[in-house]
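Structural features, examined
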Amino acid sequence: MTDASARGPSAFAGKAYVDRVKSRKAAESRFRAMGLGAILIGLFFLCLLMWSIVKEGAPAFLQTNIRLDIEFTAAEIDPTGTHNQDDIQKADFTAIARAALRAKLGDVPGNAAGRRQAHSLLSNGVEVNLRAMVQRDPSLIGKTVPVWVLASGDVDSFVKGDIARATPEDRRRVSNRQIEWIDRLTAEGALAKRFNTNLFLSGASAEPEMAGIGVAALGSFYMMLITLTLALPIGVATAIYLEEFAPKNRLTDLIEININNLAAVPSIVFGILGLAVFINFFGLPRSVPVIGGLVLTLMSLPTIIIATRAALKAVPPSLREAALGLGASKMQAIFHHILPAAMPGVLTGTIIAMAHALGETAPLLMIGMVAFVVDYPASPMEAATALPVQIYMWSNLPERGFIARTSAAIMILLAFLMCMNAAAVWLRKRFEKRW
(Lines give C-alpha, C1' and ligand atoms only; values in the text may rest on other atoms or scores of the structure.)
Protein backbone atom coordinates (compact mmCIF):
# COMPACT_ATOMS: atom_id res chain seq x y z
CA MET A 1 0.00 0.00 0.00
CA THR A 2 1.23 3.47 -0.84
CA ASP A 3 1.96 5.76 2.12
CA ALA A 4 -0.53 8.71 1.87
CA SER A 5 1.73 11.00 3.89
CA ALA A 6 4.50 10.62 1.35
CA ARG A 7 2.41 11.97 -1.48
CA GLY A 8 2.12 15.46 0.13
CA PRO A 9 -0.80 17.84 0.09
CA SER A 10 -0.66 18.31 -3.69
CA ALA A 11 -2.07 14.83 -4.16
CA PHE A 12 -5.27 15.90 -2.41
CA ALA A 13 -5.39 19.49 -3.68
CA GLY A 14 -8.33 19.99 -5.95
CA LYS A 15 -9.01 22.90 -8.24
CA ALA A 16 -10.93 24.76 -5.49
CA TYR A 17 -7.96 24.56 -3.12
CA VAL A 18 -5.53 25.85 -5.74
CA ASP A 19 -7.92 28.69 -6.59
CA ARG A 20 -8.19 29.69 -2.95
CA VAL A 21 -4.41 29.77 -2.56
CA LYS A 22 -4.07 31.90 -5.70
CA SER A 23 -6.82 34.22 -4.46
CA ARG A 24 -5.10 34.69 -1.10
CA LYS A 25 -1.77 35.41 -2.78
CA ALA A 26 -3.40 37.85 -5.19
CA ALA A 27 -5.13 39.61 -2.28
CA GLU A 28 -1.80 39.85 -0.47
CA SER A 29 -0.14 41.30 -3.57
CA ARG A 30 -2.95 43.84 -3.98
CA PHE A 31 -2.64 44.84 -0.33
CA ARG A 32 1.11 45.34 -0.70
CA ALA A 33 0.56 47.38 -3.85
CA MET A 34 -2.04 49.55 -2.11
CA GLY A 35 0.25 50.08 0.86
CA LEU A 36 3.15 51.04 -1.40
CA GLY A 37 0.86 53.30 -3.40
CA ALA A 38 -0.36 55.03 -0.24
CA ILE A 39 3.25 55.66 0.82
CA LEU A 40 4.16 57.02 -2.61
CA ILE A 41 1.11 59.30 -2.67
CA GLY A 42 1.96 60.59 0.79
CA LEU A 43 5.57 61.23 -0.22
CA PHE A 44 4.42 62.99 -3.39
CA PHE A 45 2.20 65.43 -1.52
CA LEU A 46 4.87 65.93 1.15
CA CYS A 47 7.44 66.78 -1.51
CA LEU A 48 4.91 69.06 -3.22
CA LEU A 49 4.27 70.86 0.07
CA MET A 50 7.96 71.24 0.84
CA TRP A 51 8.68 72.44 -2.70
CA SER A 52 5.97 75.09 -2.50
CA ILE A 53 7.30 76.33 0.85
CA VAL A 54 10.91 76.40 -0.36
CA LYS A 55 9.93 78.09 -3.63
CA GLU A 56 8.06 80.84 -1.80
CA GLY A 57 10.52 81.22 1.07
CA ALA A 58 13.92 81.01 -0.62
CA PRO A 59 13.84 84.62 -1.95
CA ALA A 60 13.44 85.93 1.60
CA PHE A 61 16.98 84.82 2.46
CA LEU A 62 18.30 87.45 0.04
CA GLN A 63 17.52 91.17 0.23
CA THR A 64 18.11 93.91 -2.32
CA ASN A 65 20.67 96.50 -1.18
CA ILE A 66 22.02 99.72 -2.69
CA ARG A 67 25.64 100.78 -2.22
CA LEU A 68 25.91 104.46 -1.35
CA ASP A 69 28.77 106.69 -0.33
CA ILE A 70 27.39 107.89 2.99
CA GLU A 71 28.83 111.10 4.39
CA PHE A 72 28.41 110.94 8.16
CA THR A 73 28.38 114.71 8.58
CA ALA A 74 29.70 115.75 11.96
CA ALA A 75 27.57 118.90 12.03
CA GLU A 76 24.43 116.79 11.73
CA ILE A 77 25.37 113.75 13.81
CA ASP A 78 27.71 115.15 16.48
CA PRO A 79 27.34 118.95 16.69
CA THR A 80 29.00 119.10 20.11
CA GLY A 81 31.97 116.94 19.12
CA THR A 82 31.58 114.76 22.23
CA HIS A 83 30.06 111.66 20.61
CA ASN A 84 27.01 112.18 22.78
CA GLN A 85 24.50 109.35 22.31
CA ASP A 86 21.56 111.74 22.58
CA ASP A 87 22.91 113.77 19.66
CA ILE A 88 23.42 110.62 17.62
CA GLN A 89 19.89 109.47 18.46
CA LYS A 90 18.41 112.79 17.26
CA ALA A 91 20.38 112.97 14.02
CA ASP A 92 18.42 112.74 10.75
CA PHE A 93 20.08 109.73 9.11
CA THR A 94 17.24 109.49 6.58
CA ALA A 95 18.22 112.88 5.13
CA ILE A 96 21.87 111.79 5.02
CA ALA A 97 20.99 108.59 3.11
CA ARG A 98 18.70 110.45 0.69
CA ALA A 99 21.40 113.01 -0.06
CA ALA A 100 23.84 110.18 -0.84
CA LEU A 101 21.25 108.53 -3.10
CA ARG A 102 20.60 111.74 -5.05
CA ALA A 103 24.33 112.18 -5.50
CA LYS A 104 24.59 108.57 -6.71
CA LEU A 105 21.76 108.90 -9.23
CA GLY A 106 22.78 112.35 -10.44
CA ASP A 107 19.69 113.04 -12.56
CA VAL A 108 17.02 113.32 -9.88
CA PRO A 109 14.43 115.98 -10.85
CA GLY A 110 14.39 119.04 -8.65
CA ASN A 111 10.64 118.95 -8.06
CA ALA A 112 9.04 117.26 -5.08
CA ALA A 113 7.53 114.41 -7.14
CA GLY A 114 10.89 113.49 -8.64
CA ARG A 115 12.61 113.50 -5.26
CA ARG A 116 9.86 111.32 -3.82
CA GLN A 117 10.38 108.78 -6.60
CA ALA A 118 14.11 108.67 -5.89
CA HIS A 119 13.72 108.55 -2.12
CA SER A 120 11.22 105.67 -2.36
CA LEU A 121 14.05 103.48 -3.65
CA LEU A 122 15.33 103.37 -0.07
CA SER A 123 13.79 101.49 2.80
CA ASN A 124 12.34 103.39 5.72
CA GLY A 125 14.63 101.31 7.89
CA VAL A 126 17.80 102.91 6.51
CA GLU A 127 17.77 105.40 9.37
CA VAL A 128 17.77 102.61 11.96
CA ASN A 129 20.67 100.79 10.32
CA LEU A 130 22.85 103.88 9.86
CA ARG A 131 22.24 105.05 13.41
CA ALA A 132 23.20 101.61 14.74
CA MET A 133 26.42 101.73 12.68
CA VAL A 134 27.44 105.06 14.20
CA GLN A 135 26.51 103.97 17.71
CA ARG A 136 28.70 100.89 17.34
CA ASP A 137 31.58 102.83 15.77
CA PRO A 138 31.57 106.59 16.53
CA SER A 139 34.81 106.96 14.57
CA LEU A 140 32.67 106.99 11.41
CA ILE A 141 31.54 110.54 12.25
CA GLY A 142 33.06 112.99 9.80
CA LYS A 143 33.96 110.31 7.23
CA THR A 144 32.49 109.27 3.89
CA VAL A 145 32.30 105.49 3.60
CA PRO A 146 30.58 103.11 1.15
CA VAL A 147 27.64 101.42 2.83
CA TRP A 148 25.18 98.84 1.57
CA VAL A 149 21.75 100.14 2.61
CA LEU A 150 18.38 98.46 2.30
CA ALA A 151 16.26 99.06 -0.77
CA SER A 152 12.53 99.44 -0.32
CA GLY A 153 10.17 96.49 -0.41
CA ASP A 154 8.81 97.52 -3.82
CA VAL A 155 12.30 97.64 -5.31
CA ASP A 156 13.09 94.27 -3.77
CA SER A 157 9.90 92.77 -5.24
CA PHE A 158 10.76 94.18 -8.67
CA VAL A 159 14.32 92.86 -8.60
CA LYS A 160 13.07 89.41 -7.55
CA GLY A 161 10.51 89.34 -10.35
CA ASP A 162 7.39 89.66 -8.22
CA ILE A 163 6.55 92.91 -10.03
CA ALA A 164 6.56 92.32 -13.78
CA ARG A 165 8.36 94.85 -15.94
CA ALA A 166 5.73 94.42 -18.67
CA THR A 167 2.91 95.54 -16.38
CA PRO A 168 1.55 98.98 -17.32
CA GLU A 169 3.04 101.76 -15.24
CA ASP A 170 -0.27 102.78 -13.70
CA ARG A 171 -0.76 99.23 -12.39
CA ARG A 172 2.62 98.64 -10.76
CA ARG A 173 4.22 100.21 -7.71
CA VAL A 174 7.53 100.94 -9.45
CA SER A 175 7.55 103.74 -12.04
CA ASN A 176 9.41 103.72 -15.34
CA ARG A 177 11.86 106.31 -14.01
CA GLN A 178 12.57 104.14 -10.99
CA ILE A 179 13.13 101.13 -13.27
CA GLU A 180 15.69 103.15 -15.21
CA TRP A 181 17.50 103.98 -11.98
CA ILE A 182 17.37 100.34 -10.85
CA ASP A 183 18.80 99.14 -14.17
CA ARG A 184 21.58 101.71 -14.03
CA LEU A 185 22.51 100.90 -10.43
CA THR A 186 22.50 97.20 -11.26
CA ALA A 187 24.79 97.73 -14.24
CA GLU A 188 27.17 99.74 -12.06
CA GLY A 189 27.22 97.02 -9.41
CA ALA A 190 25.66 99.37 -6.88
CA LEU A 191 22.43 97.36 -6.55
CA ALA A 192 22.54 93.68 -5.66
CA LYS A 193 20.86 90.98 -3.64
CA ARG A 194 22.76 90.18 -0.45
CA PHE A 195 22.22 87.72 2.39
CA ASN A 196 19.34 88.95 4.52
CA THR A 197 20.68 89.13 8.06
CA ASN A 198 17.61 91.07 9.18
CA LEU A 199 15.53 87.92 8.75
CA PHE A 200 17.44 86.30 11.62
CA LEU A 201 18.36 89.30 13.78
CA SER A 202 15.48 91.78 13.63
CA GLY A 203 12.12 91.89 15.37
CA ALA A 204 8.68 92.90 14.19
CA SER A 205 8.43 95.67 11.63
CA ALA A 206 5.81 97.17 9.35
CA GLU A 207 8.40 97.13 6.53
CA PRO A 208 8.97 93.63 5.10
CA GLU A 209 12.65 94.31 4.36
CA MET A 210 13.21 95.12 8.07
CA ALA A 211 11.14 92.32 9.59
CA GLY A 212 12.81 89.30 11.17
CA ILE A 213 12.36 86.37 13.51
CA GLY A 214 15.07 87.29 16.03
CA VAL A 215 12.73 88.44 18.81
CA ALA A 216 10.31 85.59 18.12
CA ALA A 217 13.11 83.01 18.21
CA LEU A 218 14.34 84.35 21.56
CA GLY A 219 10.79 84.27 22.91
CA SER A 220 10.45 80.64 21.79
CA PHE A 221 13.80 79.84 23.41
CA TYR A 222 12.65 81.30 26.74
CA MET A 223 9.41 79.31 26.57
CA MET A 224 11.17 76.06 25.67
CA LEU A 225 13.64 76.59 28.52
CA ILE A 226 10.81 77.11 31.03
CA THR A 227 8.86 74.17 29.62
CA LEU A 228 11.84 71.81 29.81
CA THR A 229 12.80 72.97 33.31
CA LEU A 230 9.30 72.32 34.67
CA ALA A 231 7.84 69.55 32.54
CA LEU A 232 10.74 67.07 32.62
CA PRO A 233 11.17 66.67 36.41
CA ILE A 234 7.43 66.91 37.15
CA GLY A 235 6.53 64.48 34.37
CA VAL A 236 9.20 61.92 35.27
CA ALA A 237 8.41 62.12 39.00
CA THR A 238 4.69 61.66 38.30
CA ALA A 239 5.34 58.67 36.05
CA ILE A 240 7.62 57.02 38.61
CA TYR A 241 5.08 57.48 41.37
CA LEU A 242 2.17 56.13 39.32
CA GLU A 243 4.16 53.21 37.98
CA GLU A 244 6.18 52.17 41.02
CA PHE A 245 4.61 53.51 44.22
CA ALA A 246 0.93 54.40 43.74
CA PRO A 247 -1.58 51.84 45.04
CA LYS A 248 -3.88 50.36 42.44
CA ASN A 249 -7.31 51.73 43.36
CA ARG A 250 -10.07 53.79 41.82
CA LEU A 251 -8.31 57.07 42.53
CA THR A 252 -5.15 56.14 40.65
CA ASP A 253 -7.26 54.66 37.85
CA LEU A 254 -9.08 57.99 37.59
CA ILE A 255 -5.78 59.87 37.52
CA GLU A 256 -4.43 57.63 34.77
CA ILE A 257 -7.58 58.06 32.67
CA ASN A 258 -7.42 61.82 33.04
CA ILE A 259 -3.75 61.90 32.04
CA ASN A 260 -4.51 59.89 28.91
CA ASN A 261 -7.45 62.16 28.12
CA LEU A 262 -5.37 65.32 28.63
CA ALA A 263 -2.97 64.13 25.94
CA ALA A 264 -5.84 64.42 23.43
CA VAL A 265 -7.27 67.75 24.61
CA PRO A 266 -7.04 70.50 21.93
CA SER A 267 -4.19 72.87 22.65
CA ILE A 268 -6.43 75.93 22.67
CA VAL A 269 -8.08 74.58 25.84
CA PHE A 270 -4.73 74.89 27.60
CA GLY A 271 -4.56 78.47 26.31
CA ILE A 272 -7.94 79.21 27.85
CA LEU A 273 -6.77 77.63 31.10
CA GLY A 274 -3.62 79.77 31.09
CA LEU A 275 -5.69 82.89 30.40
CA ALA A 276 -8.06 82.12 33.27
CA VAL A 277 -5.48 81.01 35.84
CA PHE A 278 -2.18 82.78 35.17
CA ILE A 279 -3.48 86.09 33.81
CA ASN A 280 -6.95 86.63 35.26
CA PHE A 281 -6.43 84.92 38.64
CA PHE A 282 -2.74 85.43 39.41
CA GLY A 283 -2.51 88.72 37.52
CA LEU A 284 0.63 87.94 35.52
CA PRO A 285 1.32 90.25 32.55
CA ARG A 286 0.21 89.25 29.08
CA SER A 287 2.57 88.51 26.20
CA VAL A 288 5.46 87.34 28.37
CA PRO A 289 7.35 84.07 27.71
CA VAL A 290 6.96 82.87 31.31
CA ILE A 291 3.19 82.45 30.86
CA GLY A 292 3.74 80.79 27.49
CA GLY A 293 6.20 78.40 29.13
CA LEU A 294 3.72 77.54 31.90
CA VAL A 295 0.94 76.86 29.41
CA LEU A 296 3.20 74.71 27.23
CA THR A 297 4.34 72.87 30.36
CA LEU A 298 0.74 71.88 31.12
CA MET A 299 0.32 70.75 27.54
CA SER A 300 3.57 68.72 27.49
CA LEU A 301 3.12 66.92 30.81
CA PRO A 302 0.71 64.19 29.60
CA THR A 303 3.03 63.23 26.73
CA ILE A 304 6.07 63.02 29.00
CA ILE A 305 4.21 61.06 31.68
CA ILE A 306 2.83 58.52 29.20
CA ALA A 307 6.20 58.08 27.46
CA THR A 308 8.04 57.70 30.78
CA ARG A 309 5.58 55.11 32.08
CA ALA A 310 5.91 53.13 28.85
CA ALA A 311 9.70 53.28 29.14
CA LEU A 312 9.59 52.08 32.77
CA LYS A 313 7.33 49.19 31.83
CA ALA A 314 9.72 48.17 29.06
CA VAL A 315 12.58 47.58 31.53
CA PRO A 316 12.88 43.81 32.18
CA PRO A 317 11.56 42.78 35.62
CA SER A 318 14.73 40.77 36.15
CA LEU A 319 16.72 44.03 36.50
CA ARG A 320 14.47 45.19 39.32
CA GLU A 321 14.50 41.78 40.97
CA ALA A 322 18.28 41.52 40.76
CA ALA A 323 18.74 44.93 42.39
CA LEU A 324 16.30 44.11 45.18
CA GLY A 325 17.86 40.67 45.63
CA LEU A 326 21.27 42.25 46.19
CA GLY A 327 19.91 44.39 49.03
CA ALA A 328 19.04 47.64 47.28
CA SER A 329 16.03 49.54 48.53
CA LYS A 330 13.14 50.17 46.19
CA MET A 331 14.20 53.78 45.77
CA GLN A 332 17.77 52.73 44.98
CA ALA A 333 16.58 50.11 42.50
CA ILE A 334 14.45 52.68 40.68
CA PHE A 335 16.89 55.59 40.51
CA HIS A 336 20.13 53.59 40.15
CA HIS A 337 18.99 50.87 37.74
CA ILE A 338 15.46 51.13 36.34
CA LEU A 339 15.36 54.84 35.46
CA PRO A 340 18.79 54.85 33.74
CA ALA A 341 17.69 51.86 31.69
CA ALA A 342 14.46 53.64 30.75
CA MET A 343 16.21 56.92 29.94
CA PRO A 344 16.17 56.48 26.11
CA GLY A 345 12.38 56.34 26.13
CA VAL A 346 12.16 59.21 28.61
CA LEU A 347 14.39 61.47 26.50
CA THR A 348 12.58 60.53 23.31
CA GLY A 349 9.18 61.34 24.81
CA THR A 350 10.51 64.61 26.21
CA ILE A 351 11.96 65.80 22.92
CA ILE A 352 8.79 64.86 21.04
CA ALA A 353 6.72 66.80 23.58
CA MET A 354 9.05 69.80 23.27
CA ALA A 355 8.89 69.68 19.48
CA HIS A 356 5.11 69.62 19.70
CA ALA A 357 5.15 72.59 22.06
CA LEU A 358 7.54 74.54 19.83
CA GLY A 359 5.06 74.48 16.96
CA GLU A 360 1.97 75.45 18.97
CA THR A 361 0.17 78.67 18.12
CA ALA A 362 -3.39 78.51 19.48
CA PRO A 363 -2.59 78.58 23.24
CA LEU A 364 -0.13 81.45 22.73
CA LEU A 365 -2.76 83.47 20.90
CA MET A 366 -5.09 83.05 23.87
CA ILE A 367 -2.56 84.50 26.31
CA GLY A 368 -1.83 87.52 24.10
CA MET A 369 1.56 86.67 22.61
CA VAL A 370 0.65 88.47 19.38
CA ALA A 371 2.18 91.78 20.45
CA PHE A 372 4.15 93.92 18.00
CA VAL A 373 7.56 93.52 19.67
CA VAL A 374 10.59 95.23 18.11
CA ASP A 375 13.22 94.96 20.85
CA TYR A 376 14.72 91.80 22.27
CA PRO A 377 13.32 90.79 25.68
CA ALA A 378 16.00 90.88 28.36
CA SER A 379 14.22 88.25 30.47
CA PRO A 380 11.22 85.89 30.30
CA MET A 381 9.18 88.53 32.12
CA GLU A 382 9.38 91.05 29.25
CA ALA A 383 7.01 91.13 26.29
CA ALA A 384 7.88 88.84 23.40
CA THR A 385 6.28 86.68 20.79
CA ALA A 386 7.02 83.18 19.48
CA LEU A 387 8.10 81.78 16.15
CA PRO A 388 4.79 80.11 15.17
CA VAL A 389 2.88 83.22 16.27
CA GLN A 390 5.18 85.40 14.15
CA ILE A 391 4.40 83.17 11.18
CA TYR A 392 0.69 83.56 11.88
CA MET A 393 0.97 87.35 12.04
CA TRP A 394 3.02 87.61 8.84
CA SER A 395 0.52 85.43 6.96
CA ASN A 396 -2.19 88.05 7.56
CA LEU A 397 -0.20 90.94 6.07
CA PRO A 398 -0.86 91.91 2.44
CA GLU A 399 2.63 92.96 1.31
CA ARG A 400 4.37 90.58 -1.06
CA GLY A 401 7.54 90.64 1.01
CA PHE A 402 5.76 89.18 4.02
CA ILE A 403 4.53 86.23 1.95
CA ALA A 404 8.12 85.20 1.28
CA ARG A 405 9.08 85.79 4.91
CA THR A 406 6.19 83.63 6.09
CA SER A 407 7.45 80.69 4.05
CA ALA A 408 11.05 81.36 5.11
CA ALA A 409 10.03 81.35 8.79
CA ILE A 410 8.17 78.07 8.21
CA MET A 411 11.34 76.62 6.72
CA ILE A 412 13.33 77.69 9.78
CA LEU A 413 10.70 76.28 12.14
CA LEU A 414 10.64 72.98 10.25
CA ALA A 415 14.44 72.86 10.44
CA PHE A 416 14.26 73.24 14.24
CA LEU A 417 11.60 70.53 14.46
CA MET A 418 13.59 68.14 12.28
CA CYS A 419 16.69 68.74 14.39
CA MET A 420 14.75 67.99 17.57
CA ASN A 421 13.28 64.81 16.12
CA ALA A 422 16.69 63.77 14.81
CA ALA A 423 18.06 64.33 18.32
CA ALA A 424 15.33 62.08 19.70
CA VAL A 425 16.26 59.31 17.26
CA TRP A 426 19.98 59.73 18.04
CA LEU A 427 19.42 59.62 21.79
CA ARG A 428 17.34 56.48 21.48
CA LYS A 429 20.03 54.78 19.40
CA ARG A 430 22.79 56.10 21.65
CA PHE A 431 21.35 54.86 24.94
CA GLU A 432 19.18 51.98 23.77
CA LYS A 433 19.99 48.57 25.22
CA ARG A 434 18.98 45.18 23.87
CA TRP A 435 17.42 42.94 26.47
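Shown above is the structure to which this text applies.
Just so it is clear, the model here is predicted, and its values are computed rather than measured. (Residues numbered from 1 in each chain as written. Predicted model: local features only at pLDDT ≥ 70, side-chain atom pairs only at ≥ 80, totals over all residues. Heavy atoms only, no water.)

1. Describing the packing of aromatic side chains
In total, this model carries six aromatic pairs according to the counting rule given. Centre to centre, the rings of Phe195 and Phe200 are 5.8 Å apart; their planes meet at 15°, and the pair counts as stacked. Looking at Phe200, the relative accessible area reads 32%, which means it is partly exposed. Between Phe221 and Tyr222, the ring centres sit 6.2 Å apart and the planes meet at 50°, which makes this aromatic pair tilted. The exposure class assigned to Tyr222 is buried, which follows from its relative accessible area of 13%. (Phe/Tyr/Trp six-rings, centres within 6.5 Å; stacked < 30°, edge-to-face > 60°. Buried < 20%, exposed > 50% of the residue type's maximum accessible area, 1.4 Å probe, protein only.)

2. A few points about helix α4 (residues 93-105)
The terminal C-alpha atoms of α4 lie 18 Å apart, and with 13 residues this matches the ideal 18 Å at 1.5 Å per residue to within 8%. Phe93, Ile96, Ala97, Ala100, Leu101 and Leu105 are the residues of α4 that are buried. Seen from one end, α4 has its buried residues packed into an arc of 165°, which puts them on one side. Considering only its buried residues, α4 is in contact with β1 (62-71), α2 (74-77), α3 (85-90), α5 (112-119), α6 (126-136) and α8 (176-187). Structurally, the start of α4 carries an N-cap: the backbone nitrogen of Thr94 is 3.4 Å from a side-chain oxygen of Asp92. Backbone geometry just after α4 places Gly106 at a positive phi near 85°. (Helix = DSSP H or I, 4+ residues; strand = E, 2+ residues; numbered from the N terminus. Expected span 1.5 Å × (residues − 1). Arc of directions from axis to C-beta. Contact = heavy atoms within 4.5 Å. Polar contact = N/O pair within 3.5 Å; in protein donor to acceptor, adjacent residues only side chain to side chain.)

3. Brief notes about helix α12 (residues 267-281)
Helix length check: α12 (15 residues) gives 20 Å between terminal C-alpha atoms against 21 Å at 1.5 Å per residue, within 8%. Of all the bends found along α12, the most pronounced is centred on Gly274 and spans about 25°. Listing the buried residues of α12 in full gives Ser267, Phe270, Gly271, Gly274, Leu275, Phe278 and Ile279. For α12, the elements touching its buried residues are α11 (250-262), α13 (289-314) and α16 (362-366). Once α12 finishes, Gly283 follows within two positions and takes phi at roughly 75°, a positive value. (Bend = angle between axes of the 7 residues up to and from the residue.)

4. Focus on the nonpolar core
Counting 39 residues, the largest nonpolar core has Met223, Met224, Ile291, Leu364, Ile367 and Trp394 as the members making the most contacts within it. Those elements that place two or more of their residues in this core are α10 (214-245), α12, α13, α15 (330-358), α17 (387-395) and α18 (400-431). Those residues in contact with Met224 that sit more than four places away from it in its chain are Leu296, Met354, Ala357 and Leu358. Among the nonpolar cores identified, the runner-up in size contains 36 residues, and Ala91, Ala100, Phe158 and Ala190 belong to it. (Core = buried A, V, L, I, M, F, W, Y, C linked by side-chain atoms within 4.5 Å.)

5. Things to note about unusual backbone geometry
For Ser287, which is not glycine, the phi torsion reads 65° and is therefore positive. Note that Ser287 resides in the loop between α12 and α13. On the accessibility criterion, Ser287 (9% relative accessible area) is buried.

6. A few points about a positive patch on the surface
A cluster of basic residues, Arg98, Arg102, Arg115 and Arg116, forms a positive patch on the protein surface. If you list the elements that add at least two residues to the positive patch, you get α4 and α5. Note that Arg116 resides in helix α5. (Patch = residues over 30% accessible without salt bridge, like charges linked within 9 Å, V, L, I, M, F, W, Y side chains within 5 Å. Areas by Shrake-Rupley, 256 points an atom, 1.4 Å probe, with all protein chains shown as cover. Salt bridge = Lys/Arg side-chain N within 4 Å of Asp/Glu carboxyl O. Lys, Arg positive; Asp, Glu negative; His and termini not counted. Charge placed at Lys NZ, Arg CZ, Asp CG, Glu CD.)

7. Details of the sheet that holds strand β2 (residues 144-150)
The strand order across the open sheet formed by three strands is β2-β1-β3, and the pairing between neighbours is antiparallel. Looking along the sheet, the strands with just one partner apiece sit at the ends: β2 and β3 (191-195). Going from strand to strand, the sheet's axes swing by 45° on average, the running direction of each strand aside. Bridge analysis of β1 against β3 gives five bridges, and the strand direction is antiparallel. Across the sheet, residue Gln63 finds its bridge partner in β3, namely Arg194. (Pairing = 2+ DSSP bridges. Axes fitted to C-alpha atoms, helices over the stretch in contact; angles between N-to-C directions.)

8. Quick word on the state of the cysteines
Following the criterion strictly, the structure yields zero disulfides and no others. Between Cys47, a free cysteine, and Cys419, which holds the nearest cysteine sulfur, the sulfur-to-sulfur gap is 19 Å. (Disulfide = S-S within 2.5 Å.)

9. Section: the pairing of β1
Two elements, β1 and β2, share seven bridges in a ladder whose sense is antiparallel. Paired with Asp69 across the strands is Pro146, a residue of β2.

10. Looking at the pattern of salt bridges
Counting across every chain of the model gives twelve salt bridges. One salt bridge connects Glu56 with Arg400, and the closest N-O pair in it is separated by 3.4 Å. A residue pair is termed long-range when its members are at least 10 positions apart, and Glu56 in helix α1 (residues 15-57) and Arg400 in helix α18 qualify at 344 residues. On the basis of relative accessible area, Glu56 is assigned to the partly exposed category, the value being 30%. Relative accessible area serves as the criterion here: at 37%, Arg400 is assigned to the partly exposed category. Each member of the salt-bridge network shares a partner with another, and the members are Glu56, Asp162 and Arg400.

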